[in-house]
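# A structural walkthrough
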Amino acid sequence: MPEPLLQVKAIKVRYSGLPVIHGVSLEVYPGETVCVVGSNGAGKSTILRAVMAAQRAFEGEIRFGGVAIHDKRTEAIVRLGVVYVPEEKMLFRPLSVEENLLLGAYCLEDRQRIAENLEFVFTLFPRLRERRRQAASTLSGGEQQMVAVGRGLMSNPRILMLDEPSLGLSPLLVDELFDAIVKLKKEGLTILLVEQNVRESLEMSDRGYVLQTGKVVQEGSGAELLQDDSVRKAFLGL
Ligand SMILES: Nc1ncnc2c1ncn2[C@@H]1O[C@H](COP(=O)(O)OP(=O)(O)OP(=O)(O)O)[C@@H](O)[C@H]1O
Ligand SMILES: [Mg+2]
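Parameters and conventions
- Residues numbered from 1 in each chain as written.
- Chains lettered and ligands numbered in written order.
- Predicted model: local features only at pLDDT ≥ 70, side-chain atom pairs only at ≥ 80, totals over all residues.
- Heavy atoms only, no water.
- Near = heavy atom within 4 Å.
- Polar contact = N/O pair within 3.5 Å; in protein donor to acceptor, adjacent residues only side chain to side chain.
- Areas by Shrake-Rupley, 256 points an atom, 1.4 Å probe, with all protein chains shown as cover.
- Nonpolar A, V, L, I, M, F, W, Y, C, P; charged D, E, K, R; others polar.
- Donors = N, O, S within 2.8 Å, 3.2 Å for Na, K, Ca; no water.
- Helix = DSSP H or I, 4+ residues; strand = E, 2+ residues; numbered from the N terminus.
- Buried < 20%, exposed > 50% of the residue type's maximum accessible area, 1.4 Å probe, protein only.
- Salt bridge = Lys/Arg side-chain N within 4 Å of Asp/Glu carboxyl O.
- Expected span 1.5 Å × (residues − 1).
- Contact = heavy atoms within 4.5 Å.
- Phe/Tyr/Trp six-rings, centres within 6.5 Å; stacked < 30°, edge-to-face > 60°.
- Lys NZ or Arg CZ within 6 Å of the ring centre and 35° of its normal.

As recorded in an unreviewed UniProt entry, the protein goes by ABC transporter related and comes from Syntrophobacter fumaroxidans.

## Points about the site of ligand 1
Around ligand 1 lies a shell of 13 residues, among which G41, G43, K44, S45 and T46 are the nearest. For ligand 1, an oxygen atom lies 3.2 Å from a polar atom in the side chain of N40. Contact with the protein chains covers 61% of the free accessible surface of ligand 1, which is 640 Å². Residue composition of the shell around ligand 1, grouped by class: three nonpolar, six polar and four charged.

## Notes on the coordination of the magnesium ion (ligand 2)
Around the magnesium ion (ligand 2), the protein contributes the donor atoms S45 (OG) and E87 (OE), which lie 2.0 to 2.4 Å from the metal centre. Residue S45 is located in helix α1 (residues 44–51), and its partner E87 is located in the loop between β6 (82–85) and α3 (97–103); the two are separated by 42 residues in the primary sequence. Judged by relative accessible area, E87 falls into the partly exposed class, the value being 29%.

## Quick notes on the pattern of salt bridges
What the rule picks out here adds up to 15 salt bridges. The salt bridge partner of E98 is R133, with a shortest N-O separation of 3.5 Å. With E98 in helix α3 and R133 in the loop between α5 (126–130) and α6 (141–153), this residue pair connects regions lying 35 residues apart in the sequence. Judged by relative accessible area, E98 falls into the buried class, the value being 14%. By relative accessible area, R133 is classed as exposed at 66%.

## Focus on α6
Its 13 residues place the ends of α6 19 Å apart at the C-alpha level, agreeing with the 18 Å of an ideal helix rising 1.5 Å per residue. Of all 13 residues in α6, 12 are buried; the element is thus mostly enclosed. Along α6, the residues classified as buried are G142, E143, Q144, Q145, M146, V147, A148, V149, G150, R151, G152 and L153. Next to the buried residues of α6 lie β6, α3, α4 (111–124), α5, β7 (159–163) and α7 (171–186).

## Notes on the packing of aromatic side chains
Scanning the model with the defined rule gives zero aromatic pairs in all. The side chain of R14 reaches across the aromatic face of F58, ending 3.7 Å from its centre.

## What about the side chain of S205?
In this fold, S205 is placed in the loop between α8 (198–204) and β9 (207–212). Residue S205 is classed as buried on the basis of its relative accessible area, which comes to 8%. Looking at S205, its side chain comes within polar contact range of the main-chain oxygen of S201, at 2.6 Å. Other than its neighbours up to four places away in sequence, S205 contacts T33, V34, C35 and G222.

If you want it as C-alpha cells, here you go:
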C-alpha cells in the first residue's frame, strides 16, 4: 500500500466545549474515492471542517501528503492542494459563472493553466458553459452546486472534499452531478465525499465509513457496506 494522501488519526473536536467528534480515524489513499455516511448531526461536516482547520481538532492528528496539517492555517492547507466544497455553496451571487470559477484559480499564476482548467470545468458541466456570462444568483440550485464543484476544480486540487453535493437537487441534476464525480474519479482525482445519498455514494466509492454520533461504527469497501445488514436497515430502508 502507498502512503495515505489524507490521514485523520483519532481526532476529537468540540463546539464551545461540547465534544461532537470522539476519536475518529480515516484514510484516503491517492486516487481513491472515499465516502463518509451518517445521519443528520453525526459529525460528517465537522470532520471536513477539522481537515480545513475551520474547526480545530483538540486531540489527534491530521496529515496530508505525509505532512502534519492540524496546526496549519486554512490558507496553508488550501495551498497544499486540499479543496473543500462546503454544504453552503458560498458563491458570489452578483458575479458571473465564469468569474466565480476564476476565483477558484486565485492561487495559480499560469494563465494557460487557468484557461485549460476552465475548459475542463465547462466540458465536465456543459450547462455552465452555456451560462458562463449569467450572474450566479440566477442559476438553479443544482447549477450553483456545479459552479461550487467547478470552482474547487479550478485550482488543480490534490484532494477534493465534497460536503453533500446532492443536497436539495432534483433527481435529474443529482444524476448529472454524480456522473461528473465518477468522471473525476476516472481521471484519477482523489475524492472525499460526505453524503446523505447513501446508496449512490457507496456505489461509486472505493471505500466508506459509517459515522454515528461522532464515532466511526463501520468501515469497508463500498460494495461490502452496501451488502451490510445494519447499513441496509439504517440507510437504505431494507
Ligand atoms: N457551529 C456549531 N456550534 C455548535 N454545535 C455545532 C455547530 N456545528 C455543528 N454542531 C453540532 O455538532 C454535531 C455534528 O454536526 P455536523 O454538522 O458535523 O453533522 P453532519 O453529520 O454534517 O450533519 P448533516 O447531515 O445534518 O449535515 C451536531 O450535533 C451539531 O448540532
Ligand atoms: Mg453536514
